Amino acid sequence: MRKVSIFGATGSIGQNTIDLIRRAPGSYQVVALTGASNIKQLAADAIALKAQIAITADEARLSDLQAALSGTGVEAAAGAKAVEEAAHRPADWIMSAIVGAAGLAPGMAALQQGTTLALANKESLVCAGKLLLETGRAHNAVILPVDSEHSAVFQALVGEPMEAVERIIITASGGAFRDWPIADLAEATLDQASSHPNWDMGQRITIDSASMFNKAMEVIETREFFGVDPAMIEVLIHPQSMIHALVGFNDGALMAHVGPADMRHAIGYALHHPARRHLPVERLDLATIGTFEFRAPDDVRWPALRIAREVMARGGLAGAVFNAAKETALDGFIAGHLKFTQMSDVVAQTLEVMDSHGGHIDATMTLDNVLETDHLARKAANAAIKKRAG
Ligand code: NAD
Ligand code: MG
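Student: Looking at this model, I keep getting lost on the side chain of His265. Mind explaining?
Tutor: Along the chain, the position of His265 falls in helix H11 (residues 264–272). For His265, a relative accessible area of 18% puts it in the buried group. Look past the residues within four positions of His265 in its chain and what remains in contact with it is Gln155, His257, Arg276, Leu279 and Val281.

Laid out in C-alpha cells, this is it:
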C-alpha cells in the first residue's frame, strides 16, 4: 500500500485529493492529514481514512481535535511545528495544499525525506523556488506540479527536449471581473470577488483570480519550476478555462493541454505519475463547445501581471516580499480595510519600501532568511494599509 499524507486536507485541493484516495480503497495508507479551523472535517476524514495522525495548525483547537478523535486510535496534534514535524513522517507521496507561505516549511520538510511532493502550494515556489528545488535535488525527491497550468505544461513537455522550447503560455480565465468596466473595479465587493466563473476553489485563490495576482504568482511559479527565462512566459486570457497551457517549440508547434476545469485531473496526474489512470472527470465534447476564445491580458485592468515581471527582474528574495505583501493586502481586502484596486498599490509599495531599506531582497536564500523577509514584508505591507485607511 502506498503511504500518503495530505497537508491542507480540509481545503479545496485537499478535499479533491481525498475524493480520489477514497475511490481506491485498499490502495493507500494515510499517514498525516492537516487542517486549521475546520476540526469537524479534519476529524471525520482522519477517522474515515484511518490516518495515523491529524494535526490542526491552530494550537487553540487541540482539545477540540482530541475530543473529536478520542477512542478512534488516530493521534492528535496542533501548531505549526507539529504540522512541520508531520512532514518528516515517512510517506511515499505528500500533497502540499496548505494555502499561503505557511506551506513552505512543511514542504521543505517533506522534500528532506526524499519523497514525491505534489505541489499545489504555489506560494512556496514564489517565496523560495530556488531553495525548494535545490532541497528536492539534494534529497532525490520528486516535485510534481498540481496547479492546473503547470501540470498542463509538465504534460506537454513529456518526451520533449527543453532546448527546443521557445515559449510557455499559461491561460487565465480572467476571473470575476474580466468584463467589468475598469472604472467600476475600485468598488468591487468581497462577495463579487469571491465567486469564480469557472473554478470552484478556496476563497483566497478565487479573489486572487479576480485581481490576477493568482496568474502573477503562476508566472513566477512557471519561471521557478521550469527554469525558463521570464521573457519566454506569456499569459493568455481564455475565458472557458479548457486549454490550461500551451508550450511553443522551435519548429513552430504549439502543444496545448485541453481538459475540464476540475482540479482532480491535475491532482490525479500527480498521484499516478508517471502512469495515467482513469479519473472521474468530465470528458469534453468539443463539437458542443464549438469555439475557444482568446484575448490578450490588459496591464491596466490587472497591474499584478506587471508587478510579477518586476519581481522576476529583481530576483533574490523579491518573491518572498511579493508573496507576503500580496497575502497581507488580501487579508486587508477581506477585512474591509482596502478597496479591491488598492491591493496592487500596497504590493507595489511594499516592494519599493523593502528594496530601499536594503539588504533583504539581496540576502542569500535560506529558510530563515525567507521567513524573516516574509515577516518584515508583512509589517511593511500592514503599515502601507494603515496609511491608506487612516
Ligand atoms: P483552501 O483555503 O480551500 O484550503 C487551505 C488549506 O490550508 C486548509 O486545509 C486550511 O486548513 C489550511 N491552512 C490555512 N491556513 C493555514 C496555516 N496557517 N497553517 C497550516 N494550514 C493552513 O485553499 P485551496 O484553494 O485548497 O488552495 C490550497 C493551495 O493550492 C494554495 O496554495 C492555492 O494557491 C493552490 N491551488 C489551489 C487550486 C484550487 O483549485 N483550489 C488550484 C491551484 C492551486
Ligand atoms: Mg492555476
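From this point, things continue past the structure.
Student: Before we go on, may I ask you to explain the nonpolar core in this structure?
Tutor: Among soluble globular proteins, nonpolar side chains are generally buried collectively. Grouped together as the largest cluster of nonpolar side chains are 91 residues, with contacts concentrated most on Phe322, Phe340 and Met343. If one sorts the elements of this core by residue count, helix H14 (residues 318–334) sits on top with nine residues. Not counting the four nearest positions on each side in its chain, Met343 is found in contact with Ile207, Ser211, Phe213, Ala329, Leu330, Phe333 and Leu338.

Student: Would you take a moment to explain the site of ligand 1 for this structure?
Tutor: Around ligand 1, a shell composed of 22 residues is seen, among which Thr10, Ser12, Ile13, Ala36 and Glu123 lie nearest. In the environment of ligand 1, an oxygen atom lies 3.3 Å from a nitrogen or oxygen atom belonging to the backbone of Val99. Gly202 places a main-chain nitrogen or oxygen 3.1 Å from an oxygen atom of ligand 1. Burial of ligand 1 by the protein chains amounts to 83% of its free accessible area of 830 Å². Among the secondary structure elements, those contributing two or more residues to the shell around ligand 1 are helix H1 (12–22) and helix H6 (122–138). Of the residues belonging to the shell around ligand 1, the class tally is twelve nonpolar, seven polar and three charged. Formed jointly, the shell around ligand 1 draws a minimum of three residues from each of two domains, domain 1 (2–145) and domain 2 (150–289).

Student: Which parts of the structure should I look at to understand the packing of aromatic side chains?
Tutor: Here a ring pair, both rings aromatic, is described through the centre-centre distance and the interplanar angle of the planes. The final tally for this structure, using the stated rule, is seven aromatic pairs. Judged by centre distance (6.4 Å) and plane angle (80°), the ring pair of Phe154 and Phe225 falls under edge-to-face. One end of the pair, Phe154, is in helix H7 (residues 148–156); the other, Phe225, is in helix H10 (residues 213–226), with 71 residues separating them in the sequence. We classify Phe154 as partly exposed; its relative accessible area is 21%. The rings of Phe154, Phe225, Phe226 and Tyr269 are connected pair by pair, giving a single aromatic cluster.

Student: Any chance you could explain the pattern of salt bridges here in plain terms?
Tutor: Think of it this way: side chains of opposite charge can pair up when their charged atoms draw near. What the rule picks out here adds up to 21 salt bridges. Ionic pairing is found between Glu218 and Lys122, a salt bridge with its closest N-O pair at 2.9 Å. Note that Glu218 is positioned in helix H10 and Lys122 in helix H6, a separation of 96 residues in sequence. Since its relative accessible area comes to 6%, Lys122 is described here as buried. Between Glu187 and Lys339 there is a salt bridge whose closest N-O contact spans 3.2 Å. One end of the pair, Glu187, is in the loop between strand S8 (165–172) and helix H8 (190–193); the other, Lys339, is in the loop between H14 and helix H15 (342–356), and 152 residues separate them in sequence. Within this structure, Lys122, Asp147, Glu149, Lys215 and Glu218 form a network of salt bridges that share partners.

Student: Help me understand the sheet that holds strand S10 (residues 243–249) in this model?
Tutor: Pairing between the strands of a sheet is mediated by backbone hydrogen bonds and can be parallel or antiparallel. Taken in spatial order, the four strands of this open sheet run S9-S8-S10-S11, and their pairing is mixed. If you trace the sheet from one side to the other, it starts and ends with strand S9 (233–237) and strand S11 (254–258), each paired once. The sheet shows a mean angle of 20° between the axes of neighbouring strands, taken without regard to direction. Judged from the five bridges that link them, S8 and S10 form a sheet pairing that is antiparallel. If you follow Val165 over to S10, its bridge partner there is Phe249. Contacts from H10 reach S8 and S9, with the element oriented near 150° to S8.

Student: How should the coordination of the magnesium ion (ligand 2) be read in this particular structure?
Tutor: A four-donor tetrahedral metal ideally has 109.5 degree angles, and a six-donor octahedral metal ideally has angles of 90 or 180 degrees. The protein atoms that coordinate the magnesium ion (ligand 2) are Asp147 (OD), Glu149 (OE) and Glu218 (OE), at distances of 2.1 to 2.2 Å. Between consecutive donor residues of the magnesium ion (ligand 2), the sequence gaps follow D-x1-E-x68-E. Of this pair, Asp147 sits in the loop between strand S7 (142–145) and H7 while Glu218 is found in helix H10, placing the two residues 71 residues apart along the sequence. In this structure Asp147 comes out as buried when scored by relative accessible area, which is 7%. Classification of Glu218 as buried rests on a relative accessible area of 1%.

Student: Just checking my understanding: could you explain helix H13 (residues 303–314) for this structure?
Tutor: Along an α-helix, residues three or four positions apart point the same way, because every turn accommodates 3.6 residues. Spanning twelve residues, H13 covers 17 Å between terminal C-alpha atoms, matching the ideal 16 Å at 1.5 Å per step. Buried within H13 we find Pro303, Ala304, Leu305, Ile307, Ala308, Val311 and Met312. Buried residues in H13 make contact with helix H9 (203–211), H10, S9, H14 and H15. Just downstream of H13 lies Gly315, where phi reads positive at about 70°.

Student: Any chance you could explain the domain arrangement of the chain here in plain terms?
Tutor: As a measure of interface size, the accessible area lost when the parts come together is often cited. Each assigned domain of the chain is listed here: domain 1 (2–145), domain 2 (150–289) and domain 3 (315–389). A separation of 25 Å is found between the C-alpha centroids of domain 2 and domain 3. The partner domain 3 presents 14 residues to the 18 residues of domain 2 that form the contact. In total, about 1,400 Å² of surface goes out of reach between domain 2 and domain 3, with carbon and sulfur atoms giving 73% of it. At the boundary of domain 2 and domain 3, one finds three salt bridges. In this structure, Asp331 engages Arg204 in a salt bridge whose closest nitrogen and oxygen atoms are separated by 2.9 Å.

Thresholds applied
- Starting afresh in each chain, residues are numbered from 1 along the sequence in its written order.
- Key to labels: chains lettered from A, ligands numbered from 1, both in the order written.
- Local features are withheld for residues below a pLDDT of 70 in this predicted model, meaning they are given only at 70 or higher, and side-chain atom pairs are given and counted only at 80 or more; totals for whole chains, interfaces and linings count all residues.
- Excluded from the side-chain calculation are hydrogens and water; included are all heavy atoms of the structure.
- Put simply, DSSP H or I for four residues or longer makes a helix, DSSP E for two residues or longer makes a strand, and each gets a number counted from the N terminus.
- When accessible area is computed with a 1.4 Å probe and restricted to protein chains, residues below 20% of their type maximum are described as buried, those above 50% as exposed, and intermediate ones as partly exposed.
- In this analysis, two residues are considered to be in contact whenever any of their non-hydrogen atoms come within 4.5 Å of each other.
- Definition used in this section: a nonpolar core is a set of buried Ala, Val, Leu, Ile, Met, Phe, Trp, Tyr and Cys residues joined via side-chain atoms within 4.5 Å.
- Here a residue is near a molecule or strand as soon as one of its heavy atoms is found within 4 Å of it.
- Any pair of N or O atoms that falls within 3.5 Å is considered a polar contact. Within protein, one atom must be able to donate a hydrogen and the other to accept it, and sequence-neighbouring residues count only if both atoms are side-chain atoms.
- Here, Shrake-Rupley sampling with a 1.4 Å probe gives the accessible areas, and only protein chains in the shown set may cover a residue.
- Residue type decides the class: Asp, Glu, Lys and Arg count as charged, Ala, Val, Leu, Ile, Met, Phe, Trp, Tyr, Cys and Pro as nonpolar, and the leftover types, Gly among them, as polar.
- Residue ranges labeled as domains rest on an automatic or database domain assignment.
- Pairs were defined over the aromatic rings of Phe, Tyr and Trp, the Trp ring being its six-membered one, requiring ring centres within 6.5 Å. Orientation was assigned from the angle between planes: stacked under 30 degrees, edge-to-face over 60, tilted for the rest.
- Between Lys or Arg on one side and Asp or Glu on the other, a salt bridge is scored when a side-chain nitrogen of the former is within 4 Å of a carboxyl oxygen of the latter.
- Pairing between two strands requires that DSSP report at least two bridges joining them.
- Axis geometry follows a simple rule: fit a line to the C-alpha atoms, using only the stretch in contact for helices, then measure angles between N-to-C directions, giving values from 0 to 180 degrees.
- Here a donor is any nitrogen, oxygen or sulfur atom (N, O, S) within 2.8 Å of the metal, with 3.2 Å used for Na, K and Ca; water is not among the atoms considered, so some sites may look incomplete.
- One less than the residue count of a helix, multiplied by 1.5 Å, gives the span that helix is expected to have.
- Here the quantity called buried area is the total loss of accessible area, with a 1.4 Å probe, experienced by two parts when brought into contact, counted for both.

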